[in-house]
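# Observations on the model geometry
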Amino acid sequence: MRRSALLLGLAVLLFATACVSIVGGDGGEGGISPSQFMFESYVPADLLEPGGWKAARVIITLVRKSDEGVRFVPCQVQVEVPESNYRGVVSDEFAQQEAAEAADAAVERVLPQGLMSAEMCKRFRDEMQRLLQGSIPGTRVNEFLERRGSRQKRP
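Residues numbered from 1 in each chain as written. Predicted model: local features only at pLDDT ≥ 70, side-chain atom pairs only at ≥ 80, totals over all residues. Heavy atoms only, no water.

Along the protein chain, the regular secondary structure elements total 3 helices and 6 strands. Each helix (α) and strand (β) of the protein chain, taken in turn from the N terminus, gives the series α-β-β-β-β-β-α-α-β. Put simply, of all contacts in the protein chain between residues at least 6 apart along the chain, 63% involve residues at least 24 apart. Total accessible area on the protein chain stands at roughly 9,200 Å², and carbon and sulfur atoms take up 53% of it. (Helix = DSSP H or I, 4+ residues; strand = E, 2+ residues; numbered from the N terminus. Contact = heavy atoms within 4.5 Å. Areas by Shrake-Rupley, 256 points an atom, 1.4 Å probe, with all protein chains shown as cover.)

In structure tokens, the structure reads:
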């Protein structure tokens, strides 16, 4: 128990300079804080109809404990939500809360599957998107996407 707490502490210090959340393990962690999802507008909303987009990028490190030891799986997550949809304006606070809750629930569903790292991250993002669609229709959850003339291809 002490060793896993020490490993978790070291991992937190290691990633302290990035926007990183660590979830999983033995359930002792408090989950992802809504403040980790700092949404920034990148397509302004049209005041006459639903639209506009904002995104938050975070690296969520999934922690899986098993008989083989502790495994850390960092996942790049970009959550994109509409500025407004047919339900009305999507506030940053609401988007943050819903994204954090969806991430926590997705972790609970994906970690026990014991997948390889890349597949675990993909399923985590897919599950997050599925959960967020219920509260914020139109939401997209992907790996980091580069904007503004980047050469990186969209997955």
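Taking 1.5 Å per residue as the helical rise, helix 2 (residues 92–110) with its 19 residues ought to reach 27 Å, and the 26 Å between its terminal C-alpha atoms agrees with that figure. What helix 2 keeps buried is the set Ala95, Gln96, Glu98, Ala99, Ala100, Ala102, Ala103, Ala106, Val107 and Val110. (Expected span 1.5 Å × (residues − 1). Buried < 20%, exposed > 50% of the residue type's maximum accessible area, 1.4 Å probe, protein only.)

Take the packing of helix 2 against helix 3 (residues 117–135) next. Packing of helix 2 against helix 3 leaves a shortest axis separation of 8 Å and a crossing angle of 135°. Judged on the interaxial angle alone, helix 3 and helix 2 are oblique. In this structure, helix 2 meets helix 3 at a crossing whose hand is right-handed. Across from Phe94, Glu98, Ala99, Ala102, Ala103, Ala105, Ala106, Val107, Arg109 and Val110 in helix 2, the residues of helix 3 making contact are Met120, Arg123, Phe124, Glu127, Met128, Arg130, Leu131, Leu132 and Ser135. Per-class residue counts for the contact of helix 2 with helix 3 are 13 nonpolar, 1 polar and 5 charged. (Axes fitted to C-alpha atoms, helices over the stretch in contact; angles between N-to-C directions. Parallel < 35°, antiparallel > 145°, perpendicular 65-115°, else oblique. Left-handed = near helix turned anticlockwise from the far one by under 90°. Nonpolar A, V, L, I, M, F, W, Y, C, P; charged D, E, K, R; others polar.)

A few words now on the pattern of salt bridges. Overall, the coordinates contain 7 salt bridges when judged by the stated rule. A salt bridge links Arg130 to Glu127; the nearest nitrogen and oxygen atoms lie 2.7 Å apart. Of this pair, Arg130 and Glu127 both sit in helix 3, separated by 3 residues, roughly a single helical turn. Here Arg130 falls in the partly exposed class, since its relative accessible area comes to 48%. Where salt bridges share partners, they join Lys54, Glu83 and Asp92 into one cluster. (Salt bridge = Lys/Arg side-chain N within 4 Å of Asp/Glu carboxyl O.)

Taken together, the 15 bridges between strand 3 (residues 51–66) and strand 4 (residues 69–85) define a ladder with antiparallel strand orientation. Across the sheet, the residue bridging to Thr61 is Pro74, located in strand 4. As defined by bridge partners, strand 4 adjoins strand 6 (residues 140–142) across 3 bridges and the pair is classed as antiparallel. Paired with Val79 across the strands is Val141, a residue of strand 6. (Pairing = 2+ DSSP bridges.)

Turning our attention to the state of the cysteines. Here a disulfide denotes one covalent bond, and it connects the sulfur atoms of two cysteines. Per the stated rule, a full pass over the model turns up 1 disulfide. Note that Cys75 is cross-linked by a disulfide to Cys121, the S-S spacing being 2.0 Å. On the sign convention where negative is left-handed, the bridge of Cys75 and Cys121, at about -80° about the S-S bond, is left-handed. Highlighted residues: Cys75 in strand 4 and Cys121 in helix 3, separated in sequence by 46 residues. Judged on exposure class, the residue Cys75 and its partner Cys121 are both buried. (Disulfide = S-S within 2.5 Å.)

With 30 residues, the main nonpolar core has Phe37, Ile60, Leu62, Val77, Val79, Phe124 and Met128 as its most contacted residues. Where this core is concerned, the elements lending two or more residues are strand 3, strand 4, helix 2 and helix 3. Top contributing element to this core by residue count: helix 2, with 8 residues. When neighbours within four sequence positions are excluded, Phe37 is seen to be in contact with Ile32, Ala56, Val58, Ile60, Val79, Gln96, Ala99, Ala100, Ala103 and Met128. (Core = buried A, V, L, I, M, F, W, Y, C linked by side-chain atoms within 4.5 Å.)

Any functional reading would require information beyond the geometric quantities listed.
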